[in-house]
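What the coordinates show
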Amino acid sequence: MNVLVTGNGTSGSWKIRGQQLGGAIGATVVPRALDVAPYDIAVLVKRLPADLLVRLQQAEVPIVWDVVDAWPQPDGNRWDKDACMGWLRDQIRRIRPVGIVAATLAMAEDCKQFGVPVLALPHHARPGMQRNPIREKVQTIGYEGGEQYINNWRPFIEAECRRRGWRFVVNPESLADLDIVLALRDSVRYAPRQWKSNVKLANAHGTGTPFVGNREAGYLETSCGAEFWADDPIELASAFDSLASHEARRASVLPGSTGPRQKE
């Protein structure tokens, strides 16, 4: 089968869901593909340029839509479930996919109503990352992602770091440079909690870096039992207290160990 993987080709999710996964299945990977007629099926990643959708539909190429992170942001991060599902139904009517790829099991469950096959496909870790050595003392904690998404969290993070003599950094050169990685988000509405991918946790797992995150579906679905959860400043302080010791941090990245765990 001649498979095309295409889309805007500009986002971080394109590199993961487009280039890396497309390459793994032997597909032709072309952002905003022009000549679509030779393909038996097309996987469209994230948001779809209108002209690309028209070309595929005119050529009658069946479409599989990978919905990862496709809703409007930041506005869509404030929608309730009804608004999210209304947007999704509109997109399904427009795209008319023969299959859907969802970033989380929760998203896949929401997509079942559309009557086409749905695959829940979590993110994998970035290839080639360094392994975290788990240093004896905590010195640096950090966050990967857009700083605008932690505006409300940041004062609490920085206050806890000052109290402990730790340093907080955003978008470090390597996750292995961090003693603890944070995956927190200001928005607690439907799409961020149910549809956001597990990518930050996947990268923490891939590097063996102790993890503190919100209870988002993508993280909970791919957790190994070693994670620490924080949905408010009190839980964040508790997670930091628990991870202060070298022993606890070593245990937090060893699934099945008897080291300390944060209670739900």
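Note that the coordinates shown come from a computational prediction; the quantities given were computed from them, not determined experimentally. Just so you know, the residues in each chain are numbered from 1, in the order the chain's sequence is written. Note on the predicted model: pLDDT of at least 70 is required for a residue's local features to be given, and 80 or more for side-chain atom pairs to be given and counted; whole-chain, interface and lining totals, by contrast, use all residues. Excluding hydrogens and water, the side-chain values take into account all heavy atoms of the structure.

Focus: the sheet that holds strand E6 (residues 118-120)
When DSSP finds two or more bridges between a pair of strands, those strands are recorded as paired. Counting from the N terminus, the helices are the DSSP runs of H or I reaching at least four residues and the strands are the DSSP runs of E reaching at least two. Read from one edge of the open sheet, six strands run E2-E1-E3-E4-E5-E6, paired in parallel fashion. Sheet topology places strand E2 (28-29) and E6 at the edges, where each strand pairs with a single neighbour. Pairing geometry for strand E5 (residues 99-102) and E6, over three bridges, is parallel. Paired with isoleucine 100 across the bridge in E6 is valine 118. Contacts from helix H1 (residues 12-24) reach strand E1 (3-7), E2, strand E3 (41-45), strand E4 (63-66) and E5 within the one sheet, and its direction differs from that of E1 by about 170°. The contact criterion used throughout is that any non-hydrogen atoms of two residues lie within 4.5 Å. All axes are obtained by fitting lines to C-alpha atoms, using only the stretch in contact for helices, and the reported angles, taken between N-to-C directions, cover 0 to 180 degrees.

A short note on the nonpolar core
Considering soluble globular proteins, one finds that nonpolar side chains tend to be buried as a cluster. Buried Ala, Val, Leu, Ile, Met, Phe, Trp, Tyr and Cys residues that are joined via side-chain atoms within 4.5 Å together make up what is termed a nonpolar core. A simple rule labels every residue: compare its accessible area, found with a 1.4 Å probe on the protein chains alone, to the largest value its type can have, and call it buried under 20%, exposed over 50%, or partly exposed in between. Counting 31 residues, the largest nonpolar core has Leu56, Trp65, Val67, Trp87, Leu88 and Trp195 as its most contacted members. Contributing elements (two or more residues each) for this core: E3, helix H2 (50-58), E4, helix H3 (81-95), E5, helix H4 (105-111) and helix H6 (190-194). Considering each element in turn, this core owes the most residues, six residues, to H3. Contacts of tryptophan 87, omitting those with residues within four sequence positions, involve Trp65, Val67, Ala70, Trp71, Pro72, Trp79 and Trp195. Cys161, Phe168, Val212 and Leu243 belong to the second-largest nonpolar core, a separate cluster that totals 20 residues.

What to know about the sheet that holds strand E7 (residues 140-143)
Pairing is parallel across the open sheet formed by five strands, whose spatial order is E8-E7-E9-E10-E11. Looking at which strands have only one partner, the edges of the open sheet turn out to be strand E8 (167-170) and strand E11 (228-229). Both strand E10 (residues 211-213) and E11 contribute to a ladder of two bridges, which runs parallel. The partner of glycine 213 across the bridge, within E11, is tryptophan 229.

Points about the pairing of E5
Where burial is concerned, the two faces of E5 agree: the one with Gly99 and Val101 and the one with Ile100 and Ala102 are both buried. Pairing of E4 with E5, which is carried by three bridges, proceeds in the parallel orientation. Bridge pairing in E5 links aspartate 66 to valine 101. A crossover links E5 with its parallel partner E6, the connecting element being H4, and its sense is right-handed. Clockwise travel from the first strand over the helix to the second, with the strands pointing away from the viewer, marks a crossover as right-handed.

A few points about the environment of asparagine 171
Within the fold, asparagine 171 resides in the loop between E8 and strand E9 (180-183). Given the relative accessible area of 45%, asparagine 171 is considered partly exposed. Once residues within four sequence positions are removed from consideration, asparagine 171 is found in contact with Tyr143, Glu144 and Gly145.

Focus on the state of the cysteines
Two cysteine sulfur atoms make up a disulfide if the distance between them is within 2.5 Å. What the rule picks out here adds up to zero disulfides. As a non-bridged cysteine, cysteine 84 has cysteine 111 as the owner of its nearest cysteine sulfur, 12 Å distant. Residue class for cysteine 84 comes out buried when judged on its relative accessible area of 1%.

Examining the side chain of aspartate 110
Residue position: aspartate 110 is located in helix H4. Residues counted as positive are Lys and Arg, residues counted as negative are Asp and Glu, and His and the chain ends are not counted. By convention in these notes, a salt bridge is any Lys or Arg side-chain nitrogen within 4 Å of a carboxyl oxygen on Asp or Glu. For the buried residue aspartate 110, which engages in no salt bridge, the nearest side chain bearing the opposite charge is lysine 81, 4.1 Å off. Any N or O atom pair separated by 3.5 Å or less is treated as a polar contact, with the protein-specific requirement of one donor-capable and one acceptor-capable atom, and with residues adjacent in sequence counted only for side-chain atom pairs. A distance of 2.7 Å separates the side chain of aspartate 110 from the side chain of tyrosine 190, its partner in a polar contact. Each residue touching aspartate 110, except ones within four places of it in the same chain, is listed here: Lys81, Met85, Tyr190 and Trp195.

Some details on the pattern of salt bridges
The final tally for this structure, using the stated rule, is 18 salt bridges. Between arginine 32 and aspartate 51 there is a salt bridge; the shortest N-O distance is 3.4 Å. Placement of arginine 32 in the loop between E2 and E3 and of aspartate 51 in helix H2 is noted, with a sequence separation of 19 residues between them. Linking arginine 215 and glutamate 235 is a salt bridge whose minimum nitrogen-to-oxygen distance equals 2.9 Å. Taken as a pair, arginine 215 in the loop between E10 and helix H8 (217-221) and glutamate 235 in helix H9 (residues 233-243) lie far apart in primary sequence, 20 residues in all. Through salt bridges with shared partners, one network takes in Glu160, Arg163, Arg164 and Asp241.

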